[in-house]
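Notes for the structure review
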Amino acid sequence: MFPTPVEKSSRTWQLTYQSLLPVALILWLLPLIAVALFSIKPAGDFSAGNYWNLPSQFAGFENYGRVFLESDMPRYLLNSVFITIPTVIGAVALSAMTGFALGIYRFKLNLAVFFLFVAGNFVPFQILMVPVRDLTLQMGLYNTKTGLVLFHIAFQTGFCTLFMRNFIRALPFELIEAARVEGVAEWRIFWFVVLPLMKPAIAALAVLIFTFIWNDYFWAVVLTQGIESQPVTAGITSFNAQYRAAYHLMSAGSIVAAIPPVAMFFLMQKHFIAGLTLGAVK
Amino acid sequence: MATQTEQANRSWYKRNEIALTPWLFLIPGILMFLFYVILPVFQSFYISTLDWDGLGQGTSVGFENYRELWHDPAFYTSLRNNLIWLALYLLAIPAGLFIALFLNQTVTGIRLYKSLFFFPFVISQVVVGLVFTWFYDPTFGLLNTFIGWFGFGPINVLGDPRYVTYGIIAAGLWPQTAYCMILYLTGLNAVDPEQVEAARLDGAKGWRMLWYVIIPQLKPATFIAFVVTVIGALRSFDLISIMTNGGPFGESRVLSFYMFEVALSEYGFRMGYGAAIAVVLFLIMLCFITYFLYSMYKEEKGH
């Protein structure tokens, strides 16, 4: 193991390390801690110039209450949910199929199709922006959640295919051969043999795509406009414009917007990390 | 008669099942991907030769957009900033490795520490941008409170053309370092303990051990870290849009942001000109994409 485990080193270093950990963490998360602190301060603290001292009173309930009851935040959150969940389902379903096709079968264009997906996944968003916006307008889907979802599904399929295909490659191929010898139809091999084995990959992709899409800002701005379809990342800018200089409310709003992916990460940590490393480093 | 053809069909399908199945499974994915990703790339090339406001018919202007770009100082500012982003963003890789080495221990509670260190990557860049805007605020920001203790005057990081890009990059490095850290933590898990012990017996320690034994074994993690960092640097848009909106005086623009500004903002809807900027960005990216694909191709052939 590298570096040398602290248990094997001198007592002084052990103690230093143990006390260094929390200090380093606090420094690392300082900007976030500041926002959390802001979000529980009453408005008066800011006008009195009390930015960094402890709150004069705990106003957390009041601040978060206003975010949920008096602002458009719940609506934006709901939009985000209705954009993120269908995208996750769609992208995972499509890529389970493409990954199966590219991972199991040998045919001439296999690698070419695979690299098409991989290359497309690296493309800068801006080269797609004008045509995709135009396409969405022409289909009458501009400023709808459906328009955003369709694009997200298509784009995420690139990354998901890369992931699924590599995962399926690593499965024991004998299982599929055995099923073929038994005369099982190919689509049944997919459904009954491969799909059950893909559960970890599906879980990993689902959390990862959830986070990506929830946090998307660029496409939200390009393809949607108003409160009826904008997700929370875009909504928070209108929210902030409405509560300009009301730091306690802006902080509370930001925290509310950030919580769902954070919760997702903590609940599904193992899968999340497996997904991030593309399954390449075990 | 009908049933006979059906049977013939079915047996034709049966006979070619292995060859046909992959395509049946690929069709929905490929169609979506072609429609929304691959074809738009080519359309953008075409649109970049138009003068088009995005509504009516565009008029063809040949390479006029590119000629204008050649003489556009804002384009060069953006290009320069893109290069700064690219160079400095790569610092996330050694920084991530450093934190990973720091956290690669087995003391109690270390799992929680690792997760909390990863935190910045999970939250949206929009929130990161807001948080850092306040962090830099000249009147109450933590940064200026801090340097004030040492008697330095307030610096308006985001309002000063000299510092603004670096300030935004620092904000971007925060989540990116967390990402690289997690890649290296998983990589360090896979380092062969026997090799480390053997090297230790040979007297390798500290830096030499890290450089000659550990880093070579972390190569897959480094490759992924490099790929995601380069893409992240060239895609930088959210932070700039939230923190400065390109300002002051357009000094914090990058190509991706300038393109958006030209095509979809109050400065007018110049789709053709925007597409031309996007094409330049795409060509820069293409160098990297080619390298990534080439590396992956070699890997594939190696198997």
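Residues numbered from 1 in each chain as written. Chains lettered and ligands numbered in written order. Predicted model: local features only at pLDDT ≥ 70, side-chain atom pairs only at ≥ 80, totals over all residues. Heavy atoms only, no water.

The name an unreviewed UniProt entry assigns to chain B is ABC transporter permease, from the organism Paramylibacter ulvae. Entered under Subcellular location (unreviewed entry) in the UniProt record, the comment concerning chain B runs "Cell membrane". Under the UniProt heading Sequence similarities (unreviewed entry), the entry covering chain B gives this text: "Belongs to the binding-protein-dependent transport system permease family." (UniProt positions renumbered as here; feature names shortened; annotations may be inferred.)

As recorded in an unreviewed UniProt entry, chain A goes by the name ABC transporter permease, listed as coming from Paramylibacter ulvae. In its Subcellular location (unreviewed entry) section, the UniProt entry covering chain A states "Cell membrane". For chain A, the Sequence similarities (unreviewed entry) comment in UniProt is given as "Belongs to the binding-protein-dependent transport system permease family."

Residues and elements named next belong to chain B. Taken from the UniProt record, the annotation "transmembrane region" (unreviewed entry) applies to residues 20–42, 83–104, 116–136, 163–188, 209–234 and 273–294. Within the segment residues 116–136, helix and strand shares are 90% and 0% respectively, and the terminal C-alpha atoms sit 23 Å apart. The span residues 273–294 shows a helical share of 100% and a strand share of 0%, and its end C-alpha atoms are spaced 32 Å apart. (Helix = DSSP H or I, 4+ residues; strand = E, 2+ residues; numbered from the N terminus.)

Next up on the list: helix α10 (residues 193–201) of chain B. Taking the backbone nitrogen of B:Glu194 as reference, a side-chain oxygen 3.1 Å away marks B:Asp192 as the first, capping residue of α10(B). Trailing α10(B) by a residue or two, B:Gly203 shows a phi angle of about 90 degrees, which is positive. (Polar contact = N/O pair within 3.5 Å; in protein donor to acceptor, adjacent residues only side chain to side chain.)

All names here are of chain A. The UniProt entry lists residues 20–40, 76–102, 109–129, 149–168, 189–214 and 245–267 under the feature "transmembrane region" (unreviewed entry), expressed in the numbering used here. For residues 109–129, the end-to-end C-alpha separation is 29 Å, with 81% helix and 0% strand making up the annotated structure. With 91% helix and 0% strand, the stretch residues 245–267 has end C-alpha atoms that lie 34 Å from each other.

This next bit is on the UniProt feature "domain: ABC transmembrane type-1" (unreviewed entry) in chain A. According to UniProt, the positions carrying the feature "domain: ABC transmembrane type-1" (unreviewed entry) are residues 77–268 of chain A. Between the C-alpha atoms that bound residues 77–268 of chain A there is a distance of 21 Å. The span itself is 80% helix and 0% strand.

What is expected of a backbone is that most residues other than glycine have negative phi and most peptide bonds are trans. A positive phi angle is found at A:Asn143, which is not glycine, with a value near 60 degrees. Position of A:Asn143 relative to the elements: it lies in the loop between α7 (126–138) and α8 (145–169). On the accessibility criterion, A:Asn143 (17% relative accessible area) is buried. You will see that B:Phe249, though not glycine, has its phi angle at about 55 degrees, which is positive. In this structure, B:Phe249 sits in the loop between α13 (238–243) and α14 (255–264). Residue B:Phe249 is classed as exposed on the basis of its relative accessible area, which comes to 74%. (Buried < 20%, exposed > 50% of the residue type's maximum accessible area, 1.4 Å probe, protein only.)

Below, the discussion takes up the packing of α7(A) against helix α2 (residues 17–47) of chain B. α2(B) packs onto α7(A) with a crossing angle of 105 degrees between their chain directions and a minimal axis gap of 7 Å. Put simply, α7(A) runs roughly perpendicular to α2(B). Along the contact surface, α7(A) presents A:Ile127, A:Leu128, A:Val130, A:Pro131, A:Val132 and A:Leu135, while α2(B) presents B:Phe35, B:Tyr36, B:Val37, B:Pro40, B:Val41, B:Gln43, B:Ser44, B:Phe45 and B:Ile47. Here the residues of the contact of α7(A) with α2(B) sort into 13 nonpolar, 2 polar and no charged. (Axes fitted to C-alpha atoms, helices over the stretch in contact; angles between N-to-C directions. Parallel < 35°, antiparallel > 145°, perpendicular 65-115°, else oblique. Contact = heavy atoms within 4.5 Å. Nonpolar A, V, L, I, M, F, W, Y, C, P; charged D, E, K, R; others polar.)

What follows concerns the packing of helix α5 (residues 73–104) of chain A against helix α10 (residues 186–197) of chain A. Residues and elements named next belong to chain A. Relative to each other, α5 and α10 sit at 105 degrees, their axes nearing to 12 Å. The angle between the axes of α5 and α10 places the two elements in the roughly perpendicular class. Residue-level contacts link Ala 96, Met 97, Phe 100 and Ile 104 of α5 to Glu 186, Phe 190, Val 194 and Leu 195 of α10. Of the residues assigned to the contact of α5 with α10, the class counts are 7 nonpolar, no polar and 1 charged.

The next thing to look at is the nonpolar core. Note on soluble globular proteins: their nonpolar side chains tend to be buried together. Core analysis: the largest hydrophobic core is formed by 205 residues, its most contacted members being A:Leu128, A:Met129, A:Trp219, B:Phe118 and B:Ile214. Element by element, the count of residues in this core is highest for helix α15 (residues 271–302) of chain B, at 16 residues. (Core = buried A, V, L, I, M, F, W, Y, C linked by side-chain atoms within 4.5 Å.)

For the rest of this paragraph, the subject is the interface of chain B and chain A. In this assembly, 104 residues from chain B lie in contact with 102 residues from chain A. Across the chain B to chain A interface the summed buried area is about 9,400 Å²; carbon plus sulfur atoms make up 79%. Its largest share of buried area at the contact with chain A, chain B owes to B:Phe25, B:Tyr36 and B:Trp134, together 9% of the area lost on that side. Where chain B packs against chain A, one counts 2 salt bridges. With its nearest N and O atoms 2.8 Å apart, the salt bridge here joins B:Glu300 to A:Arg165. Put simply, chain B and chain A have 12 residue pairs in polar contact (both at pLDDT 80 or more) between them. Here the residues of the side of chain B that touches chain A sort into 77 nonpolar, 17 polar and 10 charged. (Buried area = accessible area lost by both parts, 1.4 Å probe. Salt bridge = Lys/Arg side-chain N within 4 Å of Asp/Glu carboxyl O.)

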